[in-house]
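Chain by chain, the residues:
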Amino acid sequence: QVQLVESGGGLVQAGGSLRLSCAASGNIFKINTLGWYAQAPGKQRELVATMTVGGTPNYAYSAQGRFTISRDNAKNTVALQMNNLRPEDTAVYYCNYKSGGLYDYWGQGTQVTVSS
């Protein structure tokens, strides 16, 4: 089992910034991918950004140039710096852990609301 605890969501005006953080604990395998997904009301959960343990990032097109993902392997944490936020970024953001094609865990989610 892997537990993921997110923090850092909130309400911000368009053009503002937020930083999300996630701490993973439990039975963490060395080879894994940590990342962030977003689910807006009435929509499916979608990838925002992920990063492998080796530091390779993967961004959704909408996140490129505005969001930066980072991780600390020693602390098993992952962060998402979100700049120039837009109202369409409003969603619940979920931290995700994947390993070996078998293990897939989610955090409880943190709300991000961007007002126009």
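Residues numbered from 1 in each chain as written. Predicted model: local features only at pLDDT ≥ 70, side-chain atom pairs only at ≥ 80, totals over all residues. Heavy atoms only, no water.

Caption draft 1: Structural detail: unusual backbone geometry. Phi is positive for N76, close to 55°, though the residue is something other than glycine. With respect to the secondary-structure elements, N76 resides in the loop between β7 (67-72) and β8 (77-82). On the basis of relative accessible area, N76 is assigned to the partly exposed category, the value being 22%. With phi around 50°, N84 is a residue other than glycine that occupies positive phi space. (Helix = DSSP H or I, 4+ residues; strand = E, 2+ residues; numbered from the N terminus. Buried < 20%, exposed > 50% of the residue type's maximum accessible area, 1.4 Å probe, protein only.)

Caption draft 2: Looking closely at a nonpolar patch on the surface. On the surface, F29, L102 and Y103 cluster together into a nonpolar patch covering about 310 Å² of accessible area. Along the chain, L102 turns up in the loop between β9 (91-99) and β10 (103-106). (Patch = residues over 30% accessible without salt bridge, like charges linked within 9 Å, V, L, I, M, F, W, Y side chains within 5 Å. Areas by Shrake-Rupley, 256 points an atom, 1.4 Å probe, with all protein chains shown as cover. Salt bridge = Lys/Arg side-chain N within 4 Å of Asp/Glu carboxyl O.)

Caption draft 3: Representation of the state of the cysteines in the model. One pass over the full model with this rule turns up one disulfide. Here C22 connects covalently by a disulfide to C95, the sulfurs 2.1 Å from one another. Measuring the twist about the S-S bond at about -85°, one finds the C22-C95 disulfide to be left-handed. Of this pair, C22 sits in strand β3 (residues 18-26) while C95 sits in strand β9; the two residues are 73 residues apart in sequence, bridging distant segments of the chain. Note on accessibility: C22 and C95 belong to one class, buried. (Disulfide = S-S within 2.5 Å.)

Caption draft 4: Layout of the packing of aromatic side chains. Taken as a whole and assessed by the stated rule, the structure comprises four aromatic pairs. Centre to centre, the rings of Y37 and W106 are 5.0 Å apart; their planes meet at 75°, and the pair counts as edge-to-face. Separated by 69 residues along the polypeptide, Y37 in strand β4 (residues 33-39) and W106 in strand β10 bring together distant segments of the chain. Geometrically, the ring pair formed by Y94 and W106 is edge-to-face, given 6.4 Å between the ring centres and 90° between the ring planes. Taken together, the residues span a long stretch of sequence, with Y94 in strand β9 and W106 in strand β10 at a distance of 12 residues. We classify Y94 as buried; its relative accessible area is 14%. Through pairs of rings, three or more aromatic residues link up here, namely Y37, Y94 and W106. The ring of Y94 has R45 lying over it, and the distance from NZ or CZ to the ring centre is 3.6 Å. The residue whose ring lies beneath R45 is W106, and the NZ or CZ to ring-centre distance is 4.5 Å. (Phe/Tyr/Trp six-rings, centres within 6.5 Å; stacked < 30°, edge-to-face > 60°. Lys NZ or Arg CZ within 6 Å of the ring centre and 35° of its normal.)

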